[in-house]
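So you can see what is in the structure, the chains are spelled out below.
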Amino acid sequence: MAKLFIKGTLYLILIVIVLEILVRTFHLYTQTPIRYIDEFNVEKSLANQSGYAVTGNRRQNFSEYRINNFGFNSYREFKPTEDKIEIALIGDSFIEGFHQNYNNSIGKKIENRLNDIEVYEYGYGGYDLANQFYLVDAYDEHFDKIDYIIFYLKYENDLKNDTYVPNHQRIELLKSPLFKFRDNFKLLSYISSIGIIDPIKHAIIDLLNNKNAPKSKSDFEQTNAYLENFKTLINTFGFDKNRMAFLLNSSTTSDVFIKYCIENEYQIIDFNQIFENSKVPPTLIYDMHWNNHGRTLIASKIANYVDEKFNL
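Since the model is a prediction, treat every value here as computed from it, not as a measurement.

Undergrad: Before we go on, may I ask you to explain the overall build of the chain in this structure?
TA: Helix and strand counts for the chain come out as 14 helices and nine strands. A compact globule built from 312 residues would reach a C-alpha radius of gyration of about 20 Å, and the chain, at 22 Å, matches this within 12%. Dimensions of the chain, computed from C-alpha atoms along their principal axes, come out at roughly 80 × 45 × 45 Å. Taken over 312 residues, the chain has a buried fraction of 46%. Put simply, 69% of the contacts in the chain that link residues at least 6 apart link residues at least 24 apart.

In C-alpha cells form, the structure reads like this:
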C-alpha cells in the first residue's frame, strides 16, 4: 500500500511537471501587469510593462499589451497639448483592451478613421464611474488639455458607489504570497483563468459574505440607488457637458437613467443599435468583451460622433 501511494504521488508530480511545461511552451497562461496605487491615490498599472493576455481554454484569444508611461495599455504616450485635438476614452477592461493587440485598439481604429486627432485610452479592469471621475479630478491639469472625454458607462456595474475609495486591500492581496505563487506556477494560473477552480473560489467567497450579505433590492430600488449615486458623483466631481459624454448600451441601461440623462442634457453615445444590426457577433464567444468586429463598430460610432462634434 505504501509503495502504491509513493508511486501514485510520483506519477502525479510527473504529470504536473509535464503539464507545466506544456502550458509554458504553448503560452497558455496570461501575463498580468503589476497594479499599484500612485501618489494621487489612483489605481492603475505600473508603467512600462508589456506582455501577453490569454483568454479562452485553448488560447482562443492571444494578444499583446503595452503599458505606457502613464500606466495604461496604449500604443502611444499621452501628451496632450493646446495645439491638437485629443480624445480621452476612460473605462474598465472593455476600454483597457487586453482582448486585442495594443496597436489595434479602439483608439487606433478611431484615429484611422479621423485625421489629425490623438486618442488616449485610460482603461483599467475594475474601474467604475467613481474611479473614472476621480482619475480626471486627480489629474485635472492633464485632462484640462484634452478636448473631449468619453466615459464608458456599464450601467449594471458602474454605479454601485457614490464615492471613490482607493482599494488598498485588493493591491495588497495581489502582492500576497498566494497570488505570487499562482503567477509563477503557470499551470495554476492557466486553470484559474479558464474557471476550473471557480467553484472553490465562489464557495469560499459565499461562505465569507453570506452572513453579512445585504438583502437584494428590487429593480425600482436599485434604479433609484444607482441614480442617486450618479447624482452624488456629478455633484462631487462636476461634469462639463460641453466636452464630456457617456458611451453606453441602452439595451442594458435603465430607461429611467437614460431619460434623466436626456432631460439634463448629458451627452450619450449609444452603441446598442449598431450591435443589434450587426450580422456578425460583436462579442467574444466565451465572455461578453468586444471582439475585433465589436471594437470596430464602437470605434465607428465614436468617430462619427467626434466628427460631428468637431466638423472634421
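And the narrative resumes.
Undergrad: I tried to follow the side chain of histidine 289 on my own but got confused; where do I start?
TA: Residue placement: histidine 289 occurs in the loop between helix H13 (272-277) and helix H14 (292-310). Sequence-distant contacts of histidine 289, defined by excluding residues within four places in its chain, comprise Ser93, Phe94, His99, Pro282, Thr283 and Leu284.

Undergrad: Even after reading the chapter, I still don't get the pairing of strand E6 (residues 117-123), so can you show me in this structure?
TA: Two faces, one strand: in a regular strand the side chains alternate between the faces of the sheet. Counting buried residues along E6, seven of its seven residues qualify, which places the element largely inside the surrounding structure. Burial along E6 is two-sided: Ile117, Val119, Glu121 and Gly123 and Glu118, Tyr120 and Tyr122, pointing in opposite directions, are all buried. Strand direction decides the pairing type here: strand E5 (residues 85-91) and E6, joined by seven bridges, are parallel. The partner of glutamate 86 across the bridge, within E6, is glutamate 118.

Undergrad: What is the right way to read the confidence of the model for the chain from this model?
TA: Segments scoring low in pLDDT should not have their predicted coordinates read at a detailed level. Considering every residue of the chain, the mean pLDDT works out to 88; 91% of them sit at 70 or more. Across the chain, the element-wise mean pLDDT spans from 54 in helix H10 (residues 198-209) up to 98 in helix H4 (residues 129-138).

Undergrad: Could you clarify how one ought to interpret empty space enclosed by the protein in this entry?
TA: Counted by the stated rule, this structure contains one cavity of 30 Å³ or more. Here the largest cavity defines a volume of roughly 40 Å³. Asn73, Ile95, Glu96, Gly97, Ser105, Ile106, Glu121 and Arg295 together form the lining of the largest cavity. The class makeup of the residues in the lining of the largest cavity is two nonpolar, three polar and three charged.

Undergrad: Help me understand the environment of arginine 243, please; the structure alone is not making it clear to me.
TA: Position of arginine 243 relative to the elements: it lies in the loop between helix H11 (219-237) and strand E8 (244-248). Taking the C-alpha atoms as reference, arginine 243 lies 33 Å from threonine 32; in sequence the two are 211 residues apart. When residues no more than four places from it in sequence are discounted, the contact partners of arginine 243 are Phe143, Asp144, Ile146, Asp147, Tyr148 and Ile149. Of the polar contacts made by the side chain of arginine 243, one reaches the backbone oxygen of isoleucine 146; its length is 2.6 Å.

Undergrad: When you look at the environment of glycine 8 in this model, what are you seeing that I'm missing?
TA: Following the sequence through the fold, glycine 8 ends up in helix H1 (residues 2-25). Taking the C-alpha atoms as reference points, glycine 8 and serine 278, separated by 270 residues in sequence, lie 53 Å from one another.

Undergrad: Just to check I follow, could you spell out unusual backbone geometry for this structure?
TA: For asparagine 48, which is not glycine, the phi torsion reads 60° and is therefore positive. Residue placement: asparagine 48 occurs in the loop between strand E2 (43-45) and strand E3 (50-55). For aspartate 116, which is not a glycine, the phi torsion comes out positive at approximately 60°. Inspection of the secondary structure assignment puts aspartate 116 in the loop between helix H3 (106-113) and E6.

Undergrad: Which parts of the structure should I look at to understand the packing of aromatic side chains?
TA: What characterises a pair of aromatic rings is the spacing of the ring centres plus the angle enclosed by the ring planes. This structure, assessed with the given rule, holds 37 aromatic pairs. The positively charged end of lysine 44 is found above the aromatic ring belonging to phenylalanine 70, 4.6 Å away from the centroid. Lysine 241 extends its terminal NZ or CZ atom over the ring of tyrosine 266, reaching a point 4.7 Å from the ring centre.

Undergrad: Explain the pattern of salt bridges to me, please; I cannot follow it from the model alone.
TA: If the charged atoms of two oppositely charged side chains come close together, the side chains can form a pair. Considering all chains together, one arrives at seven salt bridges under this definition. A salt bridge links glutamate 43 to arginine 170; its shortest N-O distance comes to 2.9 Å. Taken as a pair, glutamate 43 in strand E2 and arginine 170 in helix H7 (residues 168-174) lie far apart in primary sequence, 127 residues in all. A salt bridge links lysine 84 to glutamate 86, with the shortest nitrogen-to-oxygen separation between them at 3.4 Å.

Undergrad: Is there a simple way to explain the nonpolar core in this structure?
TA: Looking at soluble globular proteins, one finds that nonpolar side chains tend to be buried together. Counting residues in each nonpolar core, the largest one holds 39 residues, and the members touching the most others are Tyr122, Phe143, Phe151, Phe230 and Phe246. Of all elements in the fold, only E5, E6, H4, strand E7 (148-152), H11, E8 and helix H12 (255-263) reach the threshold of two or more residues within this core. In terms of residues, this core owes the most to one element, H4, which gives seven residues. Beyond its immediate chain neighbours, meaning those up to four positions away, phenylalanine 246 contacts Leu129, Phe133, Phe151, Leu153, Phe230, Phe239, Tyr266, Gln267, Ile268 and Ile269. One finds Ile106, Ile150, Phe271 and Tyr305 within the second-largest nonpolar core, a separate group that totals 26 residues.

Undergrad: What should I look at first to understand the sheet that holds E8 in this one?
TA: Hydrogen bonds along the backbone pair up the strands of a sheet, which may run parallel or antiparallel. Read across the sheet, five strands follow the order E6-E5-E7-E8-E9 without closing on themselves; strand pairing throughout is parallel. Every other strand in the sheet has two partners, leaving E6 and strand E9 (267-270) as the edge strands with one partner each. Adjacent strand axes in the sheet meet at a mean angle of 25°, parallel and antiparallel pairs treated alike.

What counts and what doesn't
- Residues numbered from 1 in each chain as written.
- Predicted model: local features only at pLDDT ≥ 70, side-chain atom pairs only at ≥ 80, totals over all residues.
- Heavy atoms only, no water.
- Helix = DSSP H or I, 4+ residues; strand = E, 2+ residues; numbered from the N terminus.
- Rg over C-alpha atoms; globule rule 2.2 N^0.38 Å.
- Buried < 20%, exposed > 50% of the residue type's maximum accessible area, 1.4 Å probe, protein only.
- Contact = heavy atoms within 4.5 Å.
- Pairing = 2+ DSSP bridges.
- pLDDT = per-residue confidence, 0-100.
- 1 Å grid on protein atoms, 1.4 Å probe; cavity = no way out; pocket = protein on both sides within 12 Å on 5 of 7 lines; lining within 4 Å.
- Points joined across faces, edges and corners; volume = space filled by probe spheres on them.
- Nonpolar A, V, L, I, M, F, W, Y, C, P; charged D, E, K, R; others polar.
- Polar contact = N/O pair within 3.5 Å; in protein donor to acceptor, adjacent residues only side chain to side chain.
- Phe/Tyr/Trp six-rings, centres within 6.5 Å; stacked < 30°, edge-to-face > 60°.
- Lys NZ or Arg CZ within 6 Å of the ring centre and 35° of its normal.
- Salt bridge = Lys/Arg side-chain N within 4 Å of Asp/Glu carboxyl O.
- Core = buried A, V, L, I, M, F, W, Y, C linked by side-chain atoms within 4.5 Å.
- Axes fitted to C-alpha atoms, helices over the stretch in contact; angles between N-to-C directions.

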